[in-house]
Amino acid sequence: MAKPDKAQTMNLLQSAARLSRTSLASRLNGHGLYPGQDQIMLALAGEDGQTPGQLALRLGVRPPTITKTINRLQSQGFLAKQASEQDGRQAHVFLTEGGRDAIKAIEKSVRKTQKLALKGLDKKDQKTLAKLLVRIEANLSDAGHGATDEEVEEETPAAAE
């Protein structure tokens, strides 16, 4: 059996991720939304009234990024900010009626992108793919936090090469 080409595998993984984001972004754009805005909207659909800090933590992004996106969504009429009753320095973010309507379009766009991406993969293939992606994500999360290239090489079993 031929040795798997690691570079080719990583290129395919990156290409699939990029195409997935591009496909979803194209669908969202048709509804007046930009990449990344959908995640904030969906987080608020799950729990409306979060602070920008809570959203940033939940989505794993920096607070200035969230603030900029919230302001844009507010100017588009999808979100409203309200001062906290407990702490006037703190704002809470809420979906507007237009924002709640947009959630349906976001969810439909996500479903269509998922369906297209997973076309031809049965449930077993999808489960296997999910397990492999979780492993890759864990590997990169662990190695990405301070591990040197030499330490990563030492952790890689020789049989896997």
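Look up a bit, the structure's there.
Below is a summary of the structure that appears in this document. Nothing here was measured: the structure is a model prediction, and the numbers come from that model.

**Some words on the overall build of the protein**
- A tally of helices and strands in the protein yields seven helices and two strands.
- Here the protein holds 161 residues, and 20% of them are scored as buried.
- Pairs at least 24 residues apart make up 53% of the contacts formed inside the protein by residues separated by at least 6 positions.
- Of the roughly 11,800 Å² of accessible surface on the protein, a fraction of 54% belongs to carbon and sulfur atoms.

**Things to note about the layout of surface pockets**
- Estimated volume of the second largest pocket: approximately 570 Å³.
- For the second largest pocket, the lining is made up of 15 residues, of which Ala16, Ala17, Ser20, Ala117 and Leu133 are closest to its centre.
- Of all the elements in the fold, those that place two or more residues in the lining of the second largest pocket are helix 1 (6-29), helix 5 (97-117) and helix 6 (123-143).
- No other element matches helix 1, which puts seven residues into the lining of the second largest pocket.
- Here the lining of the second largest pocket is composed, by residue class, of ten nonpolar, four polar and one charged.

**A short note on helix 3 (residues 52-59)**
- All of the buried residues in helix 3 are Pro52, Leu55 and Ala56. Seen end-on, helix 3 carries its buried residues on one side only, within an arc spanning 100 degrees.
- Check the buried side of helix 3 and you find it contacts helix 2 (37-46), helix 4 (63-75) and strand 2 (91-95).
- Taken from the residues just after helix 3, Gly60 is the one with a positive phi, measuring 70 degrees.

**Some points on the packing of helix 3 against helix 4**
- Two numbers describe how helix 3 lies on helix 4: the axes approach to 9 Å, and their chain directions differ by 115 degrees. Where helix 3 crosses over helix 4, the handedness of that crossing is right-handed. Here Pro52, Leu55, Ala56 and Leu59 of helix 3 lie close against helix 4, whose contacting residues are Pro63, Ile66 and Ile70.
- In terms of residue class, the contact of helix 3 with helix 4 is made up of seven nonpolar, no polar and no charged.

**Quick notes on a nonpolar patch on the surface**
- There is a patch of nonpolar side chains on the surface, built from Leu121, Leu129, Leu133, Ile136 and Leu140 and spanning about 370 Å² of accessible area.
- For Leu121, the location among the structural elements is in the loop between helix 5 and helix 6.
- Leu121 sits in the partly exposed class, given a relative accessible area of 31%.

**Re the packing of helix 2 against helix 4**
- Axis separation between helix 2 and helix 4 bottoms out at 10 Å; the angle between their running directions is 80 degrees. Comparing the axis directions of helix 2 and helix 4 gives the class roughly perpendicular. When helix 2 is examined against helix 4, the residues Gln37, Ile40 and Met41 are found in contact with a partner set consisting of Ile66, Thr69, Arg72 and Leu73.
- Class assignment for the residues of the contact of helix 2 with helix 4 results in four nonpolar, two polar and one charged.

Reading guide: rules and limits
- Residues numbered from 1 in each chain as written.
- Predicted model: local features only at pLDDT ≥ 70, side-chain atom pairs only at ≥ 80, totals over all residues.
- Heavy atoms only, no water.
- Helix = DSSP H or I, 4+ residues; strand = E, 2+ residues; numbered from the N terminus.
- Buried < 20%, exposed > 50% of the residue type's maximum accessible area, 1.4 Å probe, protein only.
- Contact = heavy atoms within 4.5 Å.
- Areas by Shrake-Rupley, 256 points an atom, 1.4 Å probe, with all protein chains shown as cover.
- 1 Å grid on protein atoms, 1.4 Å probe; cavity = no way out; pocket = protein on both sides within 12 Å on 5 of 7 lines; lining within 4 Å.
- Points joined across faces, edges and corners; volume = space filled by probe spheres on them.
- Nonpolar A, V, L, I, M, F, W, Y, C, P; charged D, E, K, R; others polar.
- Arc of directions from axis to C-beta.
- Axes fitted to C-alpha atoms, helices over the stretch in contact; angles between N-to-C directions.
- Left-handed = near helix turned anticlockwise from the far one by under 90°.
- Patch = residues over 30% accessible without salt bridge, like charges linked within 9 Å, V, L, I, M, F, W, Y side chains within 5 Å.
- Salt bridge = Lys/Arg side-chain N within 4 Å of Asp/Glu carboxyl O.
- Parallel < 35°, antiparallel > 145°, perpendicular 65-115°, else oblique.

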